[in-house]
Amino acid sequence: MKHLYTWSGILIVVFFSVMGDILIARAMKKVGDVHELWDRCGLWTVVGKVLSRTSFFLGVMAMAVAFFSLLFALSWGDVSLVAPAAASLTFIGNAFAAKIFLHEKVDRRRWIAALLVAAGVALLAG
Amino acid sequence: MLSHGMKQTGSVSLHHLQGVILALLNPWVAVGILLLLAFFASYMNALSWADLTYVLPATSLGYVLLALVAKFALHEQISLLRWLGIVLISGGVGFVAGGEASTSHARHQSPFAEDEKDGTAESEVASAASGGAQR
């Protein structure tokens, strides 16, 4: 029963942090190249454009939910399992979500990178 | 830095909200929050011109950097497994850095990036491709 709690906690954390990343990436893609925009219209235009995106706010909210659910998950399970599992599964989940929702071309090179990084993070954070 | 500062201020509870303000006034916590904000700003800047699957592996270099700082500045021991983790992350980042940064802008157009700039970018790519074919 404890395992079920721990893993559902981990999955909730992963779900919301992937959602936050995807929404913020989507907002920034819509804003366009920040450097170019800054050169053309100045810093405050960039800030205004970012802040006027609903997906930016939803993304930040999803990240906040992910943070607080991480705190909950940590109280349900061991730190040595929850922290590395949540961190490394987020990388894999993001690769899937970026392919589906952002239509990024996730080729074999990127899949290998995502898996290597996920394994490395699991080892380092554990 | 955040953890250093929070350890200095001691535990914070809901019943002692002035503890939160005290924590914010701690220079370590304040600098930590500022650095986190700076990280987030540069992360969003990177996302504006590169793919999420390109940027995210690169941010994981932070874990490697953290481990190296812990080793050389704080003189912590790094186990063999952690060294293996460092090697895996570096390898993964090297893998993704070898490819192109953005796939969704030009050839594989994302339905979310629908402003007029992308249209011209796509036609440029098309003309470049046809030029290459003629040569």
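Structural notes, computed from the coordinates. Treat the numbers as computed from the prediction; the structure is a model and nothing was measured.

## Looking at the overall build of chain A
- A tally of regular secondary structure across chain A gives six helices and zero strands.
- Along chain A, helices (α) and strands (β) appear in the sequence α-α-α-α-α-α when read from the amino end.
- With the C-alpha coordinates of chain A rotated into their principal frame, the extents come out at 55 × 35 × 25 Å.
- Looking at chain A as a whole, 45% of its 126 residues qualify as buried.
- Relative to all contacts within chain A whose residues are 6 or more apart in sequence, the contacts with residues 24 or more apart total 77%.

## Here's the deal with the environment of serine 55 of chain A
Residues and elements named next belong to chain A.
- Among the structural elements, serine 55 can be located in helix 4 (residues 54-76).
- Residue serine 55 is classed as partly exposed on the basis of its 18 C-beta neighbours within 10 Å.
- Residues serine 55 and valine 117, 62 residues apart in the sequence, show an inter-C-alpha distance of 27 Å.
- Among all residues touching serine 55, those that are not within four sequence positions of it are Leu23, Arg26 and Ala27.

## So, the interface of chain A and chain B
- Between chain A and chain B, the residue contacts involve 34 residues of the former and 36 residues of the latter.
- Elements with a contribution of two residues or more to the side of chain A that touches chain B: helix 1 (2-31), helix 5 (79-101) and helix 6 (108-125) of chain A.
- Sort the elements by how many residues they give to the side of chain A that touches chain B and helix 6 of chain A lands first, with 13 residues.
- Looking at the side of chain A that touches chain B residue by residue, the classes come out as 21 nonpolar, four polar and nine charged.

## A look at the nonpolar core
- Residues Ile22, Ala86, Val117 and Val121 of chain A together with Leu47 of chain B are the most contacted members of the largest nonpolar core, which totals 57 residues.
- Among the secondary structure elements, those contributing two or more residues to this core are helix 1, helix 4, helix 5 and helix 6 of chain A together with helix 3 (27-49), helix 4 (52-59), helix 5 (61-72) and helix 6 (80-97) of chain B.
- Ranked by residue count, the leading element in this core is helix 1 of chain A, at 13 residues.
- When near neighbours in sequence (up to four residues on either side) are disregarded, alanine 86 of chain A contacts Ile10, Val13, Val14, Leu70 and Ala73 of chain A.

## Considering helix 3 of chain B
- The end-to-end C-alpha distance of helix 3 of chain B is 34 Å, a good match for the 33 Å that 23 residues give at a rise of 1.5 Å each.
- Along helix 3 of chain B, the residues that are buried comprise Val29, Met44, Ala46, Leu47 and Ser48 of chain B.

## Regarding the packing of helix 4 of chain B against helix 6 of chain B
Residues and elements named next belong to chain B.
- The interhelical angle for the contact between helix 4 and helix 6, taken along N-to-C directions, is 150°, at an axis separation of 9 Å. One finds that helix 4 runs roughly antiparallel with respect to helix 6. The crossing of helix 4 and helix 6 is left-handed. Note on element contacts: helix 6 touches helix 4 through Gly92, Val93 and Val96, opposite Tyr54, Pro57 and Ala58.
- Considering only residue class, the contact of helix 4 with helix 6 consists of five nonpolar, one polar and no charged.

## A few points about the environment of phenylalanine 101 of chain A
All names here are of chain A.
- Positionally, phenylalanine 101 belongs in helix 5.
- The class for phenylalanine 101 is partly exposed, based on 17 C-beta atoms found within 10 Å.
- A sequence separation of 14 residues divides phenylalanine 101 from alanine 87, and the C-alpha atoms of the two residues are 20 Å apart.

Scoring rules and cut-offs
Residues numbered from 1 in each chain as written. Chains lettered and ligands numbered in written order. Predicted model: local features only at pLDDT ≥ 70, side-chain atom pairs only at ≥ 80, totals over all residues. Helix = DSSP H or I, 4+ residues; strand = E, 2+ residues; numbered from the N terminus. Buried ≥ 20, exposed ≤ 12 C-beta atoms within 10 Å, placed from the backbone. Contact = placed C-beta atoms within 7 Å. Nonpolar A, V, L, I, M, F, W, Y, C, P; charged D, E, K, R; others polar. Core = buried A, V, L, I, M, F, W, Y, C linked by C-beta atoms within 7 Å. Expected span 1.5 Å × (residues − 1). Axes fitted to C-alpha atoms, helices over the stretch in contact; angles between N-to-C directions. Parallel < 35°, antiparallel > 145°, perpendicular 65-115°, else oblique. Left-handed = near helix turned anticlockwise from the far one by under 90°.

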